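The residues making up each chain are set out below.
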Amino acid sequence: MPSPEAPASGACIFCEIAAHRAPSYTLYEDAETIAFLDLFPFTRGHFLVIPKRHGERLTDLPEGDQNALLRTIDRMCRRVGRLAPDYNLALNAGVAAGQIVFHVHFHIIPRYGESNPFHPRQRTAIEEQDARAVVAELAPP
Ligand code: 5GP
Ligand code: ZN
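Residues numbered from 1 in each chain as written. Chains lettered and ligands numbered in written order. Predicted model: local features only at pLDDT ≥ 70, side-chain atom pairs only at ≥ 80, totals over all residues. Heavy atoms only, no water.

> Account for the overall build of the protein, with residues named and values stated.
The number of helices and strands found in the protein is 3 helices and 5 strands. Overall, the protein shows an N-to-C arrangement of helices and strands of α-β-β-β-α-β-β-α. Computed over the C-alpha atoms, the radius of gyration of the protein is 14 Å, within 12% of the 14 Å expected from 2.2 N^0.38 for a compact globule of 141 residues. Projected onto its principal axes, the C-alpha coordinates of the protein cover approximately 40 × 35 × 25 Å. Taken over 141 residues, the protein has a buried fraction of 41%. Counted over contacts in the protein with a minimum sequence separation of 6, partners at least 24 positions apart contribute 60%. Counting only carbon and sulfur atoms, one obtains 54% of the accessible surface of the protein, whose full area is about 7900 Å². For the protein, the centre of its 14 positive side-chain charges and the centre of its 17 negative side-chain charges are spaced 3 Å apart. (Helix = DSSP H or I, 4+ residues; strand = E, 2+ residues; numbered from the N terminus. Rg over C-alpha atoms; globule rule 2.2 N^0.38 Å. Buried < 20%, exposed > 50% of the residue type's maximum accessible area, 1.4 Å probe, protein only. Contact = heavy atoms within 4.5 Å. Areas by Shrake-Rupley, 256 points an atom, 1.4 Å probe, with all protein chains shown as cover. Lys, Arg positive; Asp, Glu negative; His and termini not counted. Charge placed at Lys NZ, Arg CZ, Asp CG, Glu CD.)

Structure follows, in structure tokens:
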């Protein structure tokens, strides 16, 4: 169920993913958070960590959800090393910062030596076969 603060039903795609009403390649989930592959990855294995409770920005969340989010980020930062030792952890807050989905989320972007992963060649949609391979590589130990 989306939180009471969520926008009208179906308006927020990440609330839909958190509630399993929209599909995602889920990497990790607990009561407060979920991590899943980005649909248009900057690099192979680019994924997002979100709170299940809707909020536009980190500062909109209660402290408990912030703490839960950091715990999941820590867990997933350890796991991402299976793909690449280096990664970016990023949060875009607001339109001017590049936020396009207004449900707070952290990007975890494995780095493989690209010159600039934030201005890459055109991003192409994730392919199912590779998505499943990445999910397997990042599965719980
Ligand atoms: P932002 O620019 O808001 O920080 O990033 C939003 C991210 O969400 C983008 O990287 C975009 O590719 C990703 N995204 C947008 N819609 C969906 C979706 O329906 N499913 C998934 N898995 N990712 C999405
Ligand atoms: Zn939402």
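> Quick rundown of the packing of aromatic side chains? Include the residues and the values.
What the rule picks out here adds up to 1 aromatic pair. When the ring of F14 is compared with that of F36, the centres are 5.4 Å apart and the planes differ by 80°; the resulting orientation is edge-to-face. Taken as a pair, F14 in helix α1 (residues 13-18) and F36 in strand β2 (residues 33-37) lie far apart in primary sequence, 22 residues in all. An identical accessibility class is assigned to F14 and F36; each is buried. (Phe/Tyr/Trp six-rings, centres within 6.5 Å; stacked < 30°, edge-to-face > 60°.)

> Go over the sheet that holds strand β5 (residues 106-111) with me, naming the residues and quoting the values.
Read from one edge of the open sheet, 5 strands run β1-β2-β3-β5-β4, paired in antiparallel fashion. Each of the sheet's edge strands pairs with one partner strand only, and the pair in question is β1 (26-29) and β4 (86-90). The average angle at which neighbouring strand axes cross in this sheet is 15°, direction not considered. Of the strand pairs in this sheet, β4 and β5 are connected by 5 bridges, and their pairing is antiparallel. If you follow A90 over to β5, its bridge partner there is H107. (Pairing = 2+ DSSP bridges. Axes fitted to C-alpha atoms, helices over the stretch in contact; angles between N-to-C directions.)

> Quick rundown of the nonpolar core? Include the residues and the values.
Judged by nonpolar contacts, the single largest core of 19 residues is most densely connected at L27, A35, F47, V49, M76 and I108. Of all elements in the fold, only β1, β2, β3 (47-51), α2 (63-80), β5 and α3 (128-137) reach the threshold of two or more residues within this core. Those residues within four positions of V49 in sequence are excluded, and the remaining contacts are I34, A35, L69, T72, I73, M76, V104, H105, F106 and I108. If you look at the next biggest cluster of nonpolar residues, it comprises 11 residues, including F14, I17, A18 and I50. (Core = buried A, V, L, I, M, F, W, Y, C linked by side-chain atoms within 4.5 Å.)

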